Amino acid sequence: MPCNGRFPTLILLASILTGGLAASGWRTLAATGVVAGMVMLGIAATFLVSWGLSRTLLKGVPSFFALELPPFRPPQWGQILVRSLSDRTLVVLKRAVCVAAPAGALTWLLANTQIGGSSLLGGLAGGLDPLGKLLGLDGFILAAFILGLPANEIVLPILIMGYLSTGAMQEIKELETLQGLFLAHGWTWLTALNMLLFSLLHFPCATTLLTIRRETESWKWTALAAAIPTLVAAAVCLLTAAGARACGL
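Keep in mind that what you see is a predicted model, and the values were worked out from it rather than measured. (Residues numbered from 1 in each chain as written. Predicted model: local features only at pLDDT ≥ 70, side-chain atom pairs only at ≥ 80, totals over all residues. Heavy atoms only, no water.)

*Asks:* So, the layout of surface pockets: which residues are in play, and what are the values?
*Replies:* If you add up the space inside the largest pocket, you get close to 630 Å³. As for the largest pocket, its lining consists of 23 residues, of which M1, T46, P204, A225 and P229 are closest to the centre. (1 Å grid on protein atoms, 1.4 Å probe; cavity = no way out; pocket = protein on both sides within 12 Å on 5 of 7 lines; lining within 4 Å. Points joined across faces, edges and corners; volume = space filled by probe spheres on them.)

In structure tokens:
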């Protein structure tokens, strides 16, 4: 299921994918349809994976959900505000900082450490490029998703930083400028489509994975929660890319 952090990327890529309809005035409607289609695809993938798990890893495991309701009392507004701040806001921020700070430092080091005239980020992207091309993407896109583990919102800034070879995350607000940057790095409609699909289906962010670890008390299920969506995303991109190439598109 796409979280709030994925929607900016989905909307932007849908706008780029439907850019050819700008002159006819149908671009916004078409982009909206693409995003809505991605959401429906995510729901279908969720049901399909749940069906598969219930017949494999979870076969024979009873499925139930127990919800205990406390006695109804008039709300105590002070306690609600304090508990909401301490149990929700601060806890989530603490998890985000614990993950984002080391990841941000790692991204900065990769982008600013030069070896042989190329940054470590460029070297990472080069190593991932064969796999990226196989999936209809490229190495910089895969590197951006890996380094964007702390939050889905930073995947595109990391990708732009890699393409521009800068030492800091960048943000380009003009859609035409961003589209030109992607085209200059070999993007096609297939690249945009497969990045849409990978953005929709790939592993959860680090904060979600930490929550899964806390709730399940199991590293196995946390690893599976990251691996299963990623394998599904890779399989869908691989099939899409292979189908497009087989049809000569």
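*Asks:* For the nonpolar core, give the residues involved together with the corresponding values.
*Replies:* In this structure, I141, L159, F182, W187 and M195 are the most contacted members of the largest nonpolar core, which totals 42 residues. When sequence neighbours within four positions are dropped, the list of residues in contact with W187 reads L13, D138, I141, L159, Y163, F182, A192 and M195. (Core = buried A, V, L, I, M, F, W, Y, C linked by side-chain atoms within 4.5 Å. Buried < 20%, exposed > 50% of the residue type's maximum accessible area, 1.4 Å probe, protein only. Contact = heavy atoms within 4.5 Å.)

*Asks:* Before we move on, can you summarise helix α10 (residues 219-246) with the specific residues and values?
*Replies:* Because an α-helix completes one turn every 3.6 residues, residues spaced three or four positions apart along the sequence face the same direction. For α10, with 28 residues, the first-to-last C-alpha span of 40 Å sits near the 40 Å given by 1.5 Å per residue. Packing partners of the buried residues in α10 comprise α4 (120-134), α8 (189-201) and α9 (206-216). Regarding α10, its N-cap is S218, as a side-chain oxygen of that residue lies 3.2 Å from the backbone nitrogen of K220 further along. Remark: G248 follows α10 within two positions and exhibits a positive phi of approximately 70 degrees. (Helix = DSSP H or I, 4+ residues; strand = E, 2+ residues; numbered from the N terminus. Expected span 1.5 Å × (residues − 1). Polar contact = N/O pair within 3.5 Å; in protein donor to acceptor, adjacent residues only side chain to side chain.)

*Asks:* Run through the packing of helix α1 (residues 7-17) against helix α2 (residues 27-54), naming residues and quoting values.
*Replies:* Taken N-terminus to C-terminus, the directions of α1 and α2 make an angle of 135 degrees; their axes are 8 Å apart at the nearest point. The angle between α1 and α2 places the two elements in the oblique class. Every pair of crossing elements has a handedness; the one defined by α1 and α2 is right-handed. Between α1 and α2, the contacting residues are F7, L10, I11, A14 and S15 on the first element and R27, A31, V34, V35 and V39 on the second. (Axes fitted to C-alpha atoms, helices over the stretch in contact; angles between N-to-C directions. Parallel < 35°, antiparallel > 145°, perpendicular 65-115°, else oblique. Left-handed = near helix turned anticlockwise from the far one by under 90°.)

*Asks:* Summarise the environment of L69; cite the residues concerned and give the values.
*Replies:* Within the element layout of this structure, L69 appears in the loop between α2 and α3 (77-112). In the structure, L69 is positioned 28 residues away from L41 in sequence and 34 Å away in space, judged by C-alpha atoms.

*Asks:* How would you explain the side chain of S15 if you had to name every residue and give the values?
*Replies:* Considering the arrangement of structural elements, one finds S15 in helix α1. Within the structure, S15 has its side chain in polar contact with the backbone oxygen of I11 (distance 2.9 Å). Beyond its immediate stretch of four places on either side in the chain, S15 contacts R27, A31 and L175.

*Asks:* Before we move on, could you go through helix α7 (residues 175-184) and cite the residues and values that matter?
*Replies:* All buried positions along α7 are accounted for by L175, L178, L181 and F182. Relative to the axis of α7, the buried residues are bounded by an arc of 125 degrees and lie together on one face. Turned more than 90 degrees off the buried face of α7, the exposed positions are E176, L183 and A184. Against α1, α2 and α6 (155-164) lie the buried residues of α7. G186 sits one or two positions beyond α7 and adopts a positive phi of about 85 degrees. (Arc of directions from axis to C-beta.)

*Asks:* Before we move on, can you summarise the pattern of salt bridges with the specific residues and values?
*Replies:* With the rule as written, the count across this model stands at two salt bridges. E215 is the partner of R214 in a salt bridge, and the nearest nitrogen-oxygen pair spans 2.9 Å. Assessed through its relative accessible area of 49%, R214 is described here as partly exposed. (Salt bridge = Lys/Arg side-chain N within 4 Å of Asp/Glu carboxyl O.)

*Asks:* Tell me about empty space enclosed by the protein, and name the residues and values.
*Replies:* As enumerated under the stated definition, the model contains one cavity of 30 Å³ or more in all. Approximately 30 Å³ is the volume found for the largest cavity. In terms of lining residues, the largest cavity is bounded by R6, T9, F145, N152, V155, S199 and H202. Tallied by class, residues from the lining of the largest cavity come to two nonpolar, four polar and one charged. (Nonpolar A, V, L, I, M, F, W, Y, C, P; charged D, E, K, R; others polar.)

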